[in-house]
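Okay, here's what each chain looks like letter by letter:
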2 protein chains.
Amino acid sequence: MKSVRHMGEDAIVERLIAHLPPAPAHLIVGPGDDCAVVPFSSTHWQLLKTDAIVEGIHFLPNENFERVGWKAIARVVSDFAAMGGTPQWFLVTLGIPSETDICHLETLYRGMSRCAQHYHAPIVGGETTRVSDSAGCVISIAATGLVKKSQLTLRSTARCGDAIFVSGLLGGSLAGRHLDITPRVNEAQWLTKNGYATAMMDLSDGLAKDLPRLAQSSGEGFQLDLAALPCQPGCEPQQALQDGEDYELLFTVSPQRVKSMVKRWSLAFPDTALTCIGRMVEKEKTMHFSGGWDHFAKKSP
Amino acid sequence: MKSVRHMGEDAIVERLIAHLPPAPAHLIVGPGDDCAVVPFSSTHWQLLKTDAIVEGIHFLPNENFERVGWKAIARVVSDFAAMGGTPQWFLVTLGIPSETDICHLETLYRGMSRCAQHYHAPIVGGETTRVSDSAGCVISIAATGLVKKSQLTLRSTARCGDAIFVSGLLGGSLAGRHLDITPRVNEAQWLTKNGYATAMMDLSDGLAKDLPRLAQSSGEGFQLDLAALPCQPGCEPQQALQDGEDYELLFTVSPQRVKSMVKRWSLAFPDTALTCIGRMVEKEKTMHFSGGWDHFAKKSP
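For clarity, every value in this text was computed on a predicted model and none was experimentally measured. (Residues numbered from 1 in each chain as written. Chains lettered and ligands numbered in written order. Predicted model: local features only at pLDDT ≥ 70, side-chain atom pairs only at ≥ 80, totals over all residues.)

## Section: the overall build of chain A
For step 1, the next point in the chain: In terms of helices and strands, chain A carries seven helices and 10 strands.
For step 2, the next point in the chain: Against the globule reference of 19 Å for 301 residues, chain A gives a C-alpha radius of gyration of 19 Å, in line with a compact fold.
For step 3, the next point in the chain: By its C-alpha atoms, chain A is 60 × 45 × 45 Å across when sized along the principal axes.
For step 4, the next point in the chain: Sorting the 301 residues of chain A into buried and exposed places 52% on the buried side.
For step 5, the next point in the chain: Long-range contacts, defined as pairs at least 24 residues apart, comprise 86% of the intrachain contacts of chain A with a sequence gap of at least 6. (Helix = DSSP H or I, 4+ residues; strand = E, 2+ residues; numbered from the N terminus. Rg over C-alpha atoms; globule rule 2.2 N^0.38 Å. Buried ≥ 20, exposed ≤ 12 C-beta atoms within 10 Å, placed from the backbone. Contact = placed C-beta atoms within 7 Å.)

## Digging into unusual backbone geometry
Residue and element names in this part refer to chain B.
For step 1, the next point in the chain: The phi dihedral of H120 is positive, around 60°, even though this residue is not glycine.
For step 2, the next point in the chain: Its place among the elements puts H120 in the loop between α3 (102–118) and β4 (123–130).
For step 3, the next point in the chain: A count of 10 C-beta atoms within 10 Å places H120 in the exposed class.
For step 4, the next point in the chain: Located in the positive-phi region is E245, a residue other than glycine, with phi close to 55°.
For step 5, the next point in the chain: Looking at where E245 falls in the secondary structure, it is placed in the loop between α6 (237–242) and β9 (249–253).
For step 6, the next point in the chain: On the basis of neighbour count, E245 is assigned to the buried category, with 20 C-beta atoms found within 10 Å.

## Looking at the pairing of strand β1 (residues 36–39) of chain A
Residue and element names in this part refer to chain A.
For step 1, the next point in the chain: Direction of pairing for β1 relative to strand β2 (residues 44–54): antiparallel, over a ladder of four bridges. Note on β2: the bridge partner recorded for V37 is L47.
For step 2, the next point in the chain: Hairpin remark: β1 followed by β2, antiparallel, with four residues in the connecting loop. (Pairing = 2+ DSSP bridges.)

## Remarks on the sheet that holds strand β6 (residues 163–167) of chain B
All names here are of chain B.
For step 1, the next point in the chain: The five strands lie next to each other as β7-β9-β6-β10-β8, forming an open sheet whose pairing is antiparallel. Among the strands making up the open sheet, the edge pair consists of β7 (197–202) and β8 (221–224). On average, each strand axis in the sheet is tilted by 30° relative to the strand beside it, whichever way the strands run.
For step 2, the next point in the chain: Helix α4 (residues 185–193) contacts β6, β7 and β9 of the sheet and is inclined by roughly 160° relative to β7. (Axes fitted to C-alpha atoms, helices over the stretch in contact; angles between N-to-C directions.)

## Observations concerning the interface of chain A and chain B
For step 1, the next point in the chain: Taken together, the contacts link 66 residues of chain A with 66 residues of chain B.
For step 2, the next point in the chain: Of all the elements in the fold, those that place two or more residues in the side of chain A that touches chain B are α1 (9–17), β1, β2, β3 (86–96), α3 (102–118), β4 (123–130) and β5 (138–148) of chain A.

## A closer look at the domain arrangement of chain A
Residues and elements named next belong to chain A.
For step 1, the next point in the chain: On domain assignment, one finds that chain A holds domain 1 (24–150) and domain 2 (163–285).
For step 2, the next point in the chain: Using only C-alpha atoms to locate each centre, domain 1 and domain 2 end up separated by 23 Å.
For step 3, the next point in the chain: Between domain 1 and domain 2, the residue contacts involve 14 residues of the former and 15 residues of the latter.
For step 4, the next point in the chain: Broken down by element, the side of domain 1 that touches domain 2 gets its largest block of residues, 10 residues, from helix α2 (residues 65–82).
For step 5, the next point in the chain: The class makeup of the residues in the side of domain 1 that touches domain 2 is five nonpolar, four polar and five charged. (Domains from an automatic or database assignment. Nonpolar A, V, L, I, M, F, W, Y, C, P; charged D, E, K, R; others polar.)

## A look at the packing of helix α2 (residues 65–82) of chain B against α3(B)
Residues and elements named next belong to chain B.
For step 1, the next point in the chain: Viewed as axis vectors pointing N to C, α2 and α3 meet at an angle of 40°, and their least axial separation amounts to 7 Å. For the element pair α2 / α3, the angle class is oblique. The crossing of α2 and α3 is right-handed. On α3, the residues that touch F65, E66, R67, V68, G69, W70, A72, I73 and A74 of α2 are H104, T107, L108, Y109, R110, G111, M112, R114, C115 and A116. (Parallel < 35°, antiparallel > 145°, perpendicular 65-115°, else oblique. Left-handed = near helix turned anticlockwise from the far one by under 90°.)

## Here's the deal with the confidence of the model for chain A
Interpreting fine coordinate detail is not advised for predicted regions of low pLDDT.
For step 1, the next point in the chain: A residue-level look at chain A finds 96% of positions with pLDDT of 70 or above and a mean pLDDT of 92.
For step 2, the next point in the chain: Here the predicted complex scores 0.93 on pTM and 0.92 on ipTM. (pLDDT = per-residue confidence, 0-100.)

## Some thoughts on the relation of the copies chain A and chain B
For step 1, the next point in the chain: Rotating chain A by 180° and moving it 0.0 Å along the rotation axis overlays it on chain B with an RMSD of 0.0 Å. The symmetry that links the two subunits is that of a two-fold axis. Among all C-alpha atoms of chain A, that of A:A135 lies closest to the rotation axis, at 2.3 Å.
For step 2, the next point in the chain: The fraction of interface residues of chain A whose copies in chain B are also interface residues reaches 100%, indicating that both copies meet through the same surface. (Least-squares fit on C-alpha atoms with pLDDT ≥ 70 in both.)

## Considering the packing of α3(A) against helix α1 (residues 9–17) of chain B
For step 1, the next point in the chain: Between α3(A) and α1(B), the shortest axis-to-axis distance is 9 Å and the interhelical angle comes to 40°. It follows from the interaxial angle that α3(A) and α1(B) lie oblique. Viewed along their axes, α3(A) and α1(B) form a crossing whose handedness is right-handed. Contacts from A:I102, A:L105, A:E106 and A:Y109 of α3(A) reach α1(B) at B:I12, B:R15 and B:L16.

## Some remarks on the environment of B:P212
For step 1, the next point in the chain: Looking at the secondary structure, you find B:P212 in helix α5 (residues 207–218).
For step 2, the next point in the chain: Separated by 76 residues in the primary sequence, B:P212 and B:H288 have C-alpha atoms spaced 7.8 Å apart.

## Examining the environment of A:R177
Residues and elements named next belong to chain A.
For step 1, the next point in the chain: Tracing the chain through its elements places R177 in the loop between β6 (163–167) and α4 (185–193).
For step 2, the next point in the chain: R177 sits in the partly exposed class, given 17 other C-beta atoms within 10 Å.
For step 3, the next point in the chain: Residues R177 and L146, 31 residues apart in the sequence, show an inter-C-alpha distance of 28 Å.

In structure tokens form, the structure reads like this:
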């Protein structure tokens, strides 16, 4: 027997999706990007996403459940944002041990409901099921979103020579900041409406894990300027690389458009940092990283 | 603290959805039916559904994972069928302890993939996450489906005087039959195309649990003819009421259309039993049941 321990999430997913038949012709984007993309209307694609957080893995049992609820929904909003889209409908699946306090679950629901309302996308259903008494609560969010066809932005379309940018400041999530997510919906909408981002994803597992994913799915390499990393106050570059759960935008911009983008960003979002952290290069010239967040490789939080 | 133990799934869900804001005007059906129903096109509504099964609760650790995978997908197909719809896209969320055998997961995926292909609805994405080592695997399926507007059938629209029918034979799921689900897609399509079913749902938690749900959401009562219950070979009526996981159709037909429906059913589906098991009555004259499957009240499987 080979257990999934130490395999890493990407390797597990690769093994599993090998058992799926070839994608049908009308599927726009299948497994591998932030969301699946499927046909919807003459002007829009639909985005499909599931995302789960687990007590004892993604949040501590004594955490404020209202903030946990907010985080569960906000993580999915961040995925939609990273593809140029916005959320449409949410479904909530709760796996709960039978000794769970119903009041904790109500608090969790209040947090989820508050976040869903904030992003104008209702919770319209879901499911509750029992899990074993020794397990923690499992909160799995499924959601649909919409993206204008002209704004859809993938992680797989970065080009050699593109500048690499991140929004905001990185690192420090382990100190508690991971619960207070403000997905970069406005910034992502602005980038995609103006066609600035040649590729984009959100930073959920840390730059050290996510940038290689963007580069690999684009068939390119990257060179990172470690000294340029925008770190949260009190954080070292190592934390900005490794901590994960930043929920900032990682995106690439063609060199011809960098100057205009940077100037206009500072006017549109004077309070959101924007940093050029490197450049896409040929695959053979790429830097190599290890680390970043992987729940199959690490003990956490 | 009040734990969810013994509360029952319906009571938990009622407590939680009370924290949601009023449903938006463009939502067709929210929490409470088999699926949520949302706008899609000029001719179709979209169905949204999540459903989870848990190792040690819904299936045993030594179960054939290929059959478990089939079941996970088929349960959702059954929910779509019960509303007159068919599946469109699937997403798979796996919560897995780190000592899980990757080969088991691959077998699970083959079963899911086979079922999704059978119903012409691809698996297009998902998520894997770690759960605590003492928990069992959590398999959560999210899916979208489509239903012609003219065919949408709810559980809440049965009328006093309607005859109550079930497809197939009931009971015996605990003996292993629960893994071999053939959702009644063709029968449900036929019923809804011909406008026979005034209300419909699928039997997942047992007639003793599901018929009261249909009656309550319709604002009516029911009288059941226990002697008429169509039982699986070797099963007693008590098992037909209580076992759950039948995945048969429970539906109501207006008295004027019963004769025509029964005659045409026998020609269309000569191999599928069809049984009138009772009648919808005024709320005040309803029978009362207890029992049926509830994972918060029972030890199982």
